[in-house]
Each structure stands twice: as structure tokens, then as C-alpha cells.
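Observations on the model geometry
Listed here are the chains, written in short residue letters.
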Amino acid sequence: MSNERRRLVLAAGPEAGTALRAVFDDAAFACWDVLEASTLSQAHFLLQHDQLDALLIDESLLLGDDGQGLAWLGQQRNAPLFLLIKETPELIAVALGRGVKQWLPRDLALADPKLLAAALVQVHETGAPERLARETERCLHECQRRVSRLLNLLWETSPADPQSRWLTQRHIMERLQEELARADRYGTPFSIALGEVETDVEARLSTWTTERLLHAKRAADIIGHYGPNGFMLLFVQTPAERAAHCCRRLQSVLVQSRVAIEGPHFSSVRIHFGLAGYSPDTATPQAILSLAEQRLDEARASVAAADTFR
């Protein structure tokens, strides 16, 4: 076993996570740093913010999921997906079609840590090109460990960011789940938008941007962080057509107000939106977010300045 440090997210439900964490105490995993996630949303959050070599997903997080969660995580492409699952041909076929690079029977992995370690090394090697680009950053291992700890603390933090007064990513995800359940129960319309702001100043979401969006949105709309540079808007009881109108209005407010601010002045501002409405096909957080992320990618690629959301 090489002494090269490797970083892994272990995504499993509470009971399964306890059993699997004990497996990683084996000497075969001496070179692996293990971060834990108890939900697919938390695993997605860690993939967005950290540099990782593999994502190990236990089947306990995929019950009744039909592979949507795997497809959603696979879109990040930051780390190869490895699955522990029962030997069910149908489930395995779905997993391989959703971006899983390798799998092992769960009982076999629990019984033989060395086998699991060897399989993880193999899936780690599939990410060799990406790993070569990161070799110069390996000296920052201790710093990355501290960043990982901070991210977990941020995930558990208070519902609102004290600076921007937006919901944190964890709590906007919880609200998304609640609003989807409400739309499903009562048949009311519901839409979400993922957004990103581009300026000619290289910076994360500025105080000016967050304040403008907070004041320009409708009172009933819910806003929160999503990823390091983006945000999510929940449009309660709002069909996709009206949500699109709201997005256009926010674009207009943000662009027109850039010259009337104190602080940094931007010569150009562009806001991209990826819009998705609730339907039977988007009734889970993974499904509706996957569609919104796809449309945000399309908006980024659009060459028409006036057409910056999908």
C-alpha cells in the first residue's frame, strides 16, 4: 500500500455508517482520510467544496431512489463513485448506468476490509488524470483536513448566514424537501431556480449581490446558499412561468442597480438562472435539482446576453 494520502467520503445512513466506520479502523485503510456524510445532500455539499479521491455510497441512502441520487452526484465528476449494495442485478445495472465506477456486495465488504481497501485503490486509479493535476496541492493536506472540519461545522450551523441573512445550504435543502412534500400533498405549484452571478471582478458572491437579491426577491420567496458561488431560490405556490418572470425581474434589478452602489463598481454584471418546476418527474430533491443544474449549465453556455436562464 502506498503512503500517498487519499481522501474519501463515506455516505451512509446512521446504522450502516456505524458499521462501515468500524471497517475503516483496519490497518488496510491507514492511508485513507475518511469524511462522513449521513445524507446524499451532505455528500453533494462535500463534493462541491472539497478535493476528494472517491465517494463510497452505501445502499442505505438509495432505498426507493431509482438511481436519481447517484445521477445527481455523478454530475459533479469530482470523484469516482463506489457503491456497496446487495447482489441484485437490476439495482447494479441501474447504478452502473448512473455513473458508479465500481461496486462490491455490502456483506462481503464488511467481512473483508482488505478486499474493500483493494477495490477502493482500484477505483481511485480511475481518477488518475485529475489526480495528477492536483499533485502539487498534496502538501496542503493538513490545511485540507481543517477545511473539511470547518465544512462539517458549517453544515451543522444555524439556519441563517449571519452576514447575508440567507439560509445556509443545509437548511435551504431542508426547506426544499418540505416544499416538495407540500406540493405533492396539496397539488399546489412550486418552482426552484439555481443562480450564479458573474461580474468583471473575480470574487465570490459579494455583499452587494447578496443584499440586492435579498431585497429584490418577493417576500414569499426563500433564498439560500448553493455551492461556493451560487444560490437557490424557492418559489412557493408559483408555477414555472411566473418563476421565470421573477428571474427576469431579478436580472433587471441587479444589472440596473450596479452603477448606484457604494463600494466596488462593476462594468458588467450577468446573472444566470437554471429553472425547474415541480411535476411527477421532479418530485424529489435530487430530480428537481438535477434538472435545475442542467438548465443552469445551458444558461452559462448561452451566447445571448438577454437569454441567461433556462
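1. A word on the overall build of the chain
A count of helical and extended segments in the chain gives 12 helices and 9 strands. For the chain, the proportion of its 310 residues judged to be buried stands at 49%. Total accessible area computed for the chain in this model is approximately 15200 Å², and 52% of it derives from carbon and sulfur atoms.

2. Considering the packing of aromatic side chains
One pass over the full model with this rule turns up 3 aromatic pairs. Measuring from ring centre to ring centre gives 5.6 Å for W166 and F231, while their planes differ by 65 degrees; the resulting arrangement is edge-to-face. One end of the pair, W166, is in the loop between α8 (141–155) and α9 (169–186); the other, F231, is in strand β8 (residues 230–236), and 65 residues separate them in sequence. Here the two residues W166 and F231 agree in accessibility, since each one is buried. Centroid distance F231 to F273: 5.9 Å. Interplanar angle 85 degrees. Geometry classified as edge-to-face. Here the residue F231 occupies a position in strand β8, and F273 occupies one in strand β9 (residues 269–277), the gap between them amounting to 42 residues.

3. Comments concerning the packing of α9 against helix α12 (residues 285–301)
For any two helices packed against each other, one specifies the inter-axial angle together with the distance between the axes. Interhelical geometry of α9 versus α12 gives an angle of 110 degrees and a closest axis separation of 10 Å. Here α12 runs roughly perpendicular to α9, going by the angle between their axes. Across from M173, L176, Q177 and L180 in α9, the residues of α12 making contact are P285, I288 and L289. By residue class, the composition of the contact of α9 with α12 is 6 nonpolar, 1 polar and no charged.

4. Things to note about the packing of helix α10 (residues 207–216) against helix α11 (residues 240–256)
The interhelical angle for the contact between α10 and α11, taken along N-to-C directions, is 135 degrees, at an axis separation of 10 Å. By the criterion of interaxial angle, the relationship of α10 to α11 is oblique. Considering only the axes of α10 and α11, their crossing is right-handed. The segment α10 lies against α11, with W208, R212, L213 and A216 engaging R249, L250, V253 and L254.

5. Notes on the sheet that holds strand β5 (residues 100–105)
Pairing is parallel across the open sheet formed by 5 strands, whose spatial order is β2-β1-β3-β4-β5. Edge positions in the sheet fall to β2 (32–37) and β5, since each of these pairs with one other strand and no more. Averaged over all neighbouring strand pairs, the angle between strand axes comes to 25 degrees, with direction disregarded. The pairing of strand β4 (residues 81–85) with β5 spans 5 bridges and is parallel. Within the sheet, the bridge partner assigned to F82 lies in β5 and is Q102. The sheet strands contacting helix α1 (residues 14–23) are β1 (6–11), β2, β3 (54–58) and β4, and the helix crosses β1 at an angle near 150 degrees. Sitting on the sheet, helix α2 (residues 40–49) touches β1, β2 and β3, and the angle it makes with β2 is about 135 degrees.

6. Examining the confidence of the model for the chain
Per-residue confidence for the chain gives a mean pLDDT of 83, with 83% of residues at or over 70. Confidence, expressed as mean pLDDT per element, reaches its minimum in the chain at helix α7 (residues 128–134) with 60 and its maximum at β8 with 96.

Reading the values: rules and limits
- Residues numbered from 1 in each chain as written.
- Predicted model: local features only at pLDDT ≥ 70, side-chain atom pairs only at ≥ 80, totals over all residues.
- Heavy atoms only, no water.
- Helix = DSSP H or I, 4+ residues; strand = E, 2+ residues; numbered from the N terminus.
- Buried < 20%, exposed > 50% of the residue type's maximum accessible area, 1.4 Å probe, protein only.
- Areas by Shrake-Rupley, 256 points an atom, 1.4 Å probe, with all protein chains shown as cover.
- Phe/Tyr/Trp six-rings, centres within 6.5 Å; stacked < 30°, edge-to-face > 60°.
- Axes fitted to C-alpha atoms, helices over the stretch in contact; angles between N-to-C directions.
- Parallel < 35°, antiparallel > 145°, perpendicular 65-115°, else oblique.
- Contact = heavy atoms within 4.5 Å.
- Nonpolar A, V, L, I, M, F, W, Y, C, P; charged D, E, K, R; others polar.
- Left-handed = near helix turned anticlockwise from the far one by under 90°.
- Pairing = 2+ DSSP bridges.
- pLDDT = per-residue confidence, 0-100.

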